[in-house]
Amino acid sequence: MFIALVLVLSGISFVASGDETGACYGTREASAETAQRIASEWPLRASGDPVTAYVQQLAERLREGLDGAGRKRWRFDVARNLAPSAFAAGDGYVVLTDGLVSFVRDESQLAAVLAHEMAHVLEGHFCRPGRQGGRDYQVGTLVQHYDAAAEEEADTRAVELLRRAGFDPGAMASLLRCLASSTPSFRNQLNRRVQALERRGLARSGTVPGRDSPGFREARRLVEEDFKGLESAFDIENAWKRCQ
Amino acid sequence: MGEEGQMQALGAGLGAAVGCGIGALVTRDARGCAAGAAIGGAIAFTAVKINQYQAKQVRSSKADARLYGLAKPVNSPQVKIRKGTSNPTAIKPGQAVTITTDYSLMLPASTSDTKVSESWALKKDGKVLYTLPAQVNERTPGGWSTSAAIDVPKNASPGTYVVEHKVKVGSSYDTDESTFVVKS
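A few points about the overall build of chain B
When its secondary structure is counted, chain B shows 3 helices and 9 strands. Traced from its N-terminal end to its C-terminal end, chain B shows the element sequence α-α-β-α-β-β-β-β-β-β-β-β.

Regarding the overall build of chain A
For chain A, the helix and strand inventory stands at 10 helices and 6 strands. Sorting the 244 residues of chain A into buried and exposed places 48% on the buried side. Within chain A, counting contacts between residues at least 6 apart in sequence, those at least 24 apart form 71% of the total.

What about unusual backbone geometry?
Residue and element names in this part refer to chain B. Omega for the peptide link from N87 to P88 comes to 0°, which places this bond in the cis form. Structurally, P88 is set in the loop between strand 2 (78-87) and strand 3 (90-91). The phi torsion at D125 lies on the positive side, around 50°, for a residue other than glycine.

Overview of the sheet that holds strand 3 of chain B
Hydrogen bonds between backbone atoms are what pair the strands of a sheet, whose relative direction is either parallel or antiparallel. All names here are of chain B. Ordered in space as 3-9-8-5-6, the 5 strands form an open sheet in which the pairing is mixed. Of all strands in the sheet, those with a lone pairing partner are strand 3 and strand 6 (127-139), marking the two edges. Of the strand pairs in this sheet, strand 8 (residues 159-169) and strand 9 (residues 172-182) are connected by 11 bridges, and their pairing is antiparallel. Bridged to V163 within strand 9 is S178.

A few points about the interface of chain A and chain B
If you look at the interface, chain A gives 22 residues, while chain B gives 21 residues. At 3 residues, the largest contribution of residues to the side of chain A that touches chain B is made by helix 2 (residues 27-41) of chain A. Looking at the side of chain A that touches chain B residue by residue, the class counts come to 9 nonpolar, 9 polar and 4 charged.

Side note on the nonpolar core
Grouped together as the largest cluster of nonpolar side chains are 60 residues, with contacts concentrated most on V94, A111, L114, A115, M118, L162 and M172 of chain A. Top contributing element to this core by residue count: helix 5 (residues 107-122) of chain A, with 10 residues. Those residues in contact with M172 of chain A that sit more than four places away from it in its chain are A112, H116, D155, A158, V159, L162 and L197 of chain A. Counting 16 residues, the second largest nonpolar core, distinct from the first, contains A65, L70, I81 and L105 of chain B.

Here's the deal with the confidence of the model for chain A
Residue and element names in this part refer to chain A. Summarising the model, chain A shows a mean pLDDT of 82, and 80% of its residues fall at 70 or more. Looking over chain A, one finds the lowest element-wise mean pLDDT in helix 1 (residues 2-7), namely 38, and the highest in helix 3 (residues 50-63), namely 96. This stretch, residues 1-11, has a pLDDT under 50; its non-local contacts, to residues over four places away or in other chains, come to 45 contacts. Under a pLDDT of 50 for its full length, residues 14-23 has, in the predicted model, 27 contacts with residues more than four places off or in other chains.

With respect to the packing of helix 5 of chain A against helix 6 (residues 148-165) of chain A
Residue and element names in this part refer to chain A. Interhelical geometry of helix 5 versus helix 6 gives an angle of 125° and a closest axis separation of 7 Å. The orientation of helix 5 relative to helix 6 falls into the category oblique. Of the two elements, helix 5 crosses helix 6, and the hand of that crossing is right-handed. Residues S108, A111, A112, A115, H116, M118, A119, H120 and L122 of helix 5 pack against A150, A154, D155, R157, A158, L161, L162 and A165 of helix 6. Of the residues that constitute the contact of helix 5 with helix 6, the class distribution is 12 nonpolar, 3 polar and 2 charged.

Concerning the packing of helix 7 (residues 171-182) of chain A against helix 8 (residues 187-199) of chain A
Residue and element names in this part refer to chain A. Two elements in contact, helix 7 and helix 8, have axes whose closest approach is 8 Å; the angle formed by their N-to-C orientations is 160°. When the interaxial angle is binned, helix 7 and helix 8 end up roughly antiparallel. The two elements helix 7 and helix 8 meet at a crossing, and its hand is left-handed. Every residue of helix 8 that contacts helix 7 at M172, A173, L176, R177, L179 and A180 is listed here: R187, L190, N191, R193, V194 and L197. Looking at the contact of helix 7 with helix 8 residue by residue, the class counts come to 8 nonpolar, 1 polar and 3 charged.

Brief notes about helix 3 of chain A
All names here are of chain A. Its 14 residues give helix 3 an end-to-end C-alpha distance of 20 Å, which sits within 8% of 20 Å, the value for a rise of 1.5 Å per residue. What helix 3 keeps buried is the set V51, Y54, V55, L58, A59 and L62. Looking straight down helix 3, one finds its buried side chains confined to an arc of 135°; they lie on one side. Considering only its buried residues, helix 3 is in contact with strand 2 (75-79), strand 4 (93-97), helix 4 (98-103), helix 5, helix 6 and helix 9 (214-227).

Here is what the cut-offs are and how they apply
Residues numbered from 1 in each chain as written. Chains lettered and ligands numbered in written order. Predicted model: local features only at pLDDT ≥ 70, side-chain atom pairs only at ≥ 80, totals over all residues. Helix = DSSP H or I, 4+ residues; strand = E, 2+ residues; numbered from the N terminus. Buried ≥ 20, exposed ≤ 12 C-beta atoms within 10 Å, placed from the backbone. Contact = placed C-beta atoms within 7 Å. Pairing = 2+ DSSP bridges. Nonpolar A, V, L, I, M, F, W, Y, C, P; charged D, E, K, R; others polar. Core = buried A, V, L, I, M, F, W, Y, C linked by C-beta atoms within 7 Å. pLDDT = per-residue confidence, 0-100. Axes fitted to C-alpha atoms, helices over the stretch in contact; angles between N-to-C directions. Parallel < 35°, antiparallel > 145°, perpendicular 65-115°, else oblique. Left-handed = near helix turned anticlockwise from the far one by under 90°. Expected span 1.5 Å × (residues − 1). Arc of directions from axis to C-beta.

Structure follows, in structure tokens:
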């Protein structure tokens, strides 16, 4: 459970057997292979599913603030899983769980996660040769790499994306703070990321909370409807109480 | 009509009457009454129960991996519905429909089996009429086919019914939909 929580804001997934996924020249092929594997193994919401369509729209709002290569096509898949999680798989492909849609406190926080994952691609984290430092985690049959420096870069870029798209730029820090208070094993890592944002003056809230769009509210309602009757080991309510 | 069929029909009749009363009270017009009756009609489905529940492993873990290109063991239990079906797809009121869920269960290499929850919900016009009790059983990894027969009441209203198939293991769950039509 705690691993899943931390993965909410960790970034980069690689096909476990791949050997060139860290190199830019192989990114497109590796991303396509990852997407194919996820489609055959993971319970994904269909592309026409209203929750997936909403997430794609939310990402589109973030994309509109980008220039040049950032305006490329982005693809977001939503996996059915009660545990909140998200990761980028290179070449504009991002996967998140519907547990994340249920977990976030507001739409800006969900946008912050999407922006963070987009930032991994925009910052060229998939183009760096090798993967020195950091830690690997397995997610399904994929290997996910966590590197503190890359995470801080992605957090910083995400705040910029949030501001450009009119979301609360403080949502990135507020979500990290909550994760830090909910996951003792990763508290230090997450707190360091909050402190990095604070040092750069990027942790302050810029808008009044409670401006969730009807699309967000409907997506969350649909997810919670699907969650009815499903027992979860993940206690979202208490996780948020700890963050207040 | 068997004893159980009579019970169901009676339940539907009472449901429709009570529903009409509720509708009329709430909205004081004929449309309200119709809506109330529809709610009452749905009550008949509370008599639905699972008959002939069956589950069998239809693919070994290796066969499932070959068929769907699964590369290596997962690190936490994962489920994916391959197909949900209702058969036959068109019936008359009072007949039975067999609902079947075919799914893949993936488990970590160190886990030989785990508890899986399988459930179905019956919907019409976007509303849940009835949720069949979840079946929770130990399952080994591979492909599973689980099915149940549901008796559609003799007074079920005509139209398209949607069956929501749902399977859950750990935090992973999946859903699929199939449909059948009740003809007048």
